[in-house]
Amino acid sequence: MTPQSKKTYDRARARAREAGLSSSTPSIQTLKSVFARLSDKLAPATVQLIWSVVRGDLLDRGIEPPTPRVLGLPKIWDNVPYWNVVPADAIGKFLAAARTPIWKLVCLAILRQGWRASELCSIKWSDIAGDVVTFTGKGGKHVRQKIDAEVLALAKRERGKGQLMFLPMNLTRFHIYRIVREVSKRAGIRVTPHGLRATFISRLIHERGIYEASKLARHSRVATTERYGRWEVLE
């Protein structure tokens, strides 16, 4: 086990301990209840990791663990829990929590364009002609997309002399995550950069339908886009 893997495993064990699952012999009903609560708060991959710790403990005690299906555990590929979106009626509140214009630009760009963090920090001004940007996206896909007027205007206002990248100060993915985290805290709305992209896609599903949303989200399969449709963004 690598040091990073051990660190991840230790965190999962700590969460299992916090949930009261490490020192007792819980019933199936208790396990269902605890993991239902964890699934509301954590990404499915994290829930599955915690379950692997608990399952190992049960086997060590000679107890046959129930299957993930019996417990109703989420599938790992569904990698963002339902809370990781900004409700439609809270988008204004979320953007208002951006302390600086650059923070607002980062959040607005993902919400309006659906760009991934890796894409946002790689776009150059030389990729933009008028209000259209052309770049290479995830999986080497060629992307040609119109930029939202407010996003473009804000980026131009914040553009420094000789600035080559679309984002000021050569912001990296790490900076983007930190910015979104800080805005999230200030707004009281729990969300990550991927959650902002999820909000973009969920709104498209609501407004334009699943097939148009899949095309604009640049998903290879409609089935991928359908996973975003379960989030009640506009309820």
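Just so we're clear, the structure is a prediction, and the values are computed from it rather than from any experiment.

## What to know about the nonpolar core
Within the largest apolar cluster, 42 residues are counted, with the highest numbers of intra-cluster contacts made by Phe94, Trp115, Leu120, Phe166, Leu167, Ile176 and Leu196. Of all the elements in the fold, those that place two or more residues in this core are α5 (91–96), α6 (101–113), α7 (117–120), β2 (132–136), α8 (149–158) and α9 (173–187). Of the residues forming this core, the biggest block, nine residues, is contributed by α6. Once residues lying within four places of it in the same chain are set aside, the contact partners of Leu196 are Val86, Phe94, Cys107, Ile110, Leu111, Val180 and Val191. By size, the runner-up hydrophobic cluster in this structure holds 16 residues, among which are Ala16, Leu42, Leu58 and Leu71.

## Some thoughts on the pattern of salt bridges
Counting across every chain of the model gives ten salt bridges. Here Lys146 makes a salt bridge to Asp131, at a shortest N to O gap of 3.8 Å. Separated by 15 residues along the polypeptide, Lys146 in strand β3 (residues 142–146) and Asp131 in the loop between β1 (128–129) and β2 bring together distant segments of the chain. Owing to a relative accessible area of 29%, Asp131 belongs among the partly exposed residues under this scheme. Residue Glu207 pairs with Arg203 through a salt bridge whose shortest N-O separation is 3.3 Å.

How each quantity is defined
Residues numbered from 1 in each chain as written. Predicted model: local features only at pLDDT ≥ 70, side-chain atom pairs only at ≥ 80, totals over all residues. Heavy atoms only, no water. Core = buried A, V, L, I, M, F, W, Y, C linked by side-chain atoms within 4.5 Å. Buried < 20%, exposed > 50% of the residue type's maximum accessible area, 1.4 Å probe, protein only. Helix = DSSP H or I, 4+ residues; strand = E, 2+ residues; numbered from the N terminus. Contact = heavy atoms within 4.5 Å. Salt bridge = Lys/Arg side-chain N within 4 Å of Asp/Glu carboxyl O.

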